[in-house]
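Letter by letter, the chains look like this.
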Amino acid sequence: MKALALCLLAWAAHRAPRAEPVIYRLDPEHSFVWFEVLHFGTSTLRGRFGGLQGYVELDRSAQSGFVSLQLKPAGVDTGLPAFDARLRESDLLASEAWPVATFTASRFHFEGADVNAVHGQLTLRGISQPLELRALRFGCHVHPQLQREACGGDFEGELNRADFGASFGMPFVANQVRLRVQVEGIRQP
Amino acid sequence: MRHLLAAATLGLALAAPASATTYAIDPTHTFVTYEIGHFGTSTNRGRFDKKEGTVQFDRAAKTGKVEISFDLNAISTGVAMLDKHLQSADFFDTAKHPNARFVGDKFSFSGDKVTQVAGTLTMLGKTAPVTLKANNFNCYINPMLRREVCGGDFQTTLKRSQWGMNWGLESGVPDEVRLLIQVEAIKQ
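Here the structure is a predicted model, which is why all the values come from computation and not from measurement.

**Student:** Just checking my understanding: could you explain the overall build of chain A for this structure?
**Tutor:** Helix and strand counts for chain A stand at two helices and ten strands. The order of helices and strands in chain A, counted from the N terminus, is α-β-β-β-β-β-α-β-β-β-β-β. When the 189 residues of chain A are sorted by exposure, 36% land in the buried category. Look at the contacts in chain A between residues 6 or more apart in sequence, and 54% of them connect residues 24 or more apart.

Structure follows, in structure tokens:
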């Protein structure tokens, strides 16, 4: 019963008019970037970056937002330690010389109250290039343990790794890399 | 005598059915990733890292059989606590059922490319039908191995409750789970 009351309270807070913008801090348990790249025109290699840090500022009534996030490319996880080590080398992620990759964006597109695309800059290997991330879905819910609003979704976008100087293995491993981003942020008080 | 042997060999060769070629699953290019919705917000993904299997494949006869098994203790979501929960009796119950096994023996083709593989998936001691649809399929000569490699990307959506994996259904954890399958297999 207490849980239900808490839920209703959180729901009411979620529906009530609020001071905007709202800041959401990324929830590292529900925020990952996966890459996908075609291998010999045959099958898709996938790898995961976890440990995302950062925040999103959203003003849903003004339909504006800002995101700043960082990740450590050295933490790449493909399920194959030998492949992870190869990816960290200087002709791919160069994670020793460039230990942090960042994404910042201030151009948010909305459909109603929901974010449907974000245009920003990805910085990888010290090189910044524009990146568009499109929302496949976007939503908010009440985090069951924290009883706070969590918003997020699934985003995807494409980049050419050669634009960042990570060109080893082309053309057997494709130039085009698809990013699939799962992200949730917890509303900050 | 020599002629007789030659004739016998020829006879054997003619009598033998066009045999399927065996391919061994390449574990470095074979992964299953699951996707399940999380509170209607984002997608939770996890990967199964340890597997083994073989494929019998006859491109001319357009037939094949694949057998692959996954060690469910090697699940990897990037969140250690979630991995443990998934291994528990709430989900895969790996103490009792350490492996999942897919056997596919109904290959569909378009030209010489595989378009889908139908078969059965056994998990939690239950076997149910599953059809994997190909998004990509191709064979190539791997320049390092100097051998033919065939593979592709397959996907399917299943309902976990079919295997009795019901945890959280009542509180809104989805029943539908999407599987993304990367597979490559090396000609033996």
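**Student:** Can you help me understand the overall build of chain B in this one?
**Tutor:** Along the backbone of chain B there are two helices and nine strands. Along chain B, helices (α) and strands (β) appear in the sequence α-β-β-β-β-α-β-β-β-β-β when read from the amino end. Counting all 188 residues of chain B, 30% fall into the buried class.

**Student:** Even after reading the chapter, I still don't get the interface of chain B and chain A, so can you show me in this structure?
**Tutor:** Residue-level contacts link 25 residues of chain B with 27 residues of chain A. Sorting the residues of the side of chain B that touches chain A by element identifies β2 (31–38), β3 (42–58), β7 (126–142), β8 (147–159) and β9 (176–187) of chain B as the ones contributing at least two each. Counting residues per element, the side of chain B that touches chain A draws most heavily on β3 of chain B, at five residues. In the side of chain B that touches chain A, the residues fall into five nonpolar, 15 polar and five charged.

**Student:** Would you explain the nonpolar core in this entry?
**Tutor:** Generally speaking, nonpolar side chains in soluble globular proteins are found buried as a group. Counting 38 residues, the largest nonpolar core has Val33, Leu52, Val67, Leu69, Leu71, Val118 and Phe155 of chain A as its most contacted members. When near neighbours in sequence (up to four residues on either side) are disregarded, Val67 of chain A contacts Gly54, Val56, Phe103, Thr104, Ala105, Val118 and Gly120 of chain A.

**Student:** I tried to follow the environment of Thr44 of chain A on my own but got confused; where do I start?
**Tutor:** Checked against the element boundaries, Thr44 of chain A lands in strand β3 (residues 43–49). Taking the C-alpha atoms as reference points, Thr44 of chain A and Asp154 of chain A, separated by 110 residues in sequence, lie 19 Å from one another. Ignoring sequence-local partners within four residues, the contact set of Thr44 of chain A consists of Glu36 and Leu38 of chain A together with Asp153 and Gln182 of chain B.

**Student:** Help me understand the environment of Val130 of chain B, please; the structure alone is not making it clear to me.
**Tutor:** Its location among the elements puts Val130 of chain B in strand β7. When the C-alpha positions of Val130 of chain B and Ala118 of chain B are compared, they lie 5.9 Å apart, and in sequence the two are twelve residues distant.

**Student:** What's the story with the pairing of strand β6 (residues 101–111) of chain A in this structure? I'm lost.
**Tutor:** Walk down a regular strand and you will see the side chains alternate between the two sheet faces. Residue and element names in this part refer to chain A. With five bridges joining them, strand β5 (residues 64–71) and β6 adopt antiparallel strand pairing. Looking across to β6, one finds that Leu69 is bridged to Phe103. The pairing of β6 with strand β7 (residues 114–124) spans nine bridges and is classified as antiparallel. What sits directly across from Thr102, in β7, is Thr123. The hairpin turn running from β6 into β7, its antiparallel successor, is two residues long, and Gly112 in that turn takes a positive phi close to 65 degrees.

**Student:** Would you mind going over unusual backbone geometry with me for this structure?
**Tutor:** Glycine aside, a negative phi is what most residues show, and trans is what most peptide bonds show. Residue and element names in this part refer to chain A. Cis geometry marks the peptide bond from Met170 to Pro171, where omega comes out at 0 degrees. The residue Pro171 is located in the loop between β9 (149–160) and β10 (176–187) in this model. With a phi close to 55 degrees, Phe40 is a non-glycine residue in the positive phi region. Among the structural elements, Phe40 can be located in the loop between β2 (32–39) and β3. A tally of 20 C-beta atoms within 10 Å means that Phe40 is categorised as buried. In this structure, Arg125 takes a positive phi of about 55 degrees despite not being glycine. Relative to the elements of secondary structure, Arg125 occurs in the loop between β7 and β8 (127–142). Given 18 C-beta atoms within 10 Å, Arg125 falls into the partly exposed group.

Thresholds, definitions, all that
- Residues numbered from 1 in each chain as written.
- Chains lettered and ligands numbered in written order.
- Predicted model: local features only at pLDDT ≥ 70, side-chain atom pairs only at ≥ 80, totals over all residues.
- Helix = DSSP H or I, 4+ residues; strand = E, 2+ residues; numbered from the N terminus.
- Buried ≥ 20, exposed ≤ 12 C-beta atoms within 10 Å, placed from the backbone.
- Contact = placed C-beta atoms within 7 Å.
- Nonpolar A, V, L, I, M, F, W, Y, C, P; charged D, E, K, R; others polar.
- Core = buried A, V, L, I, M, F, W, Y, C linked by C-beta atoms within 7 Å.
- Pairing = 2+ DSSP bridges.

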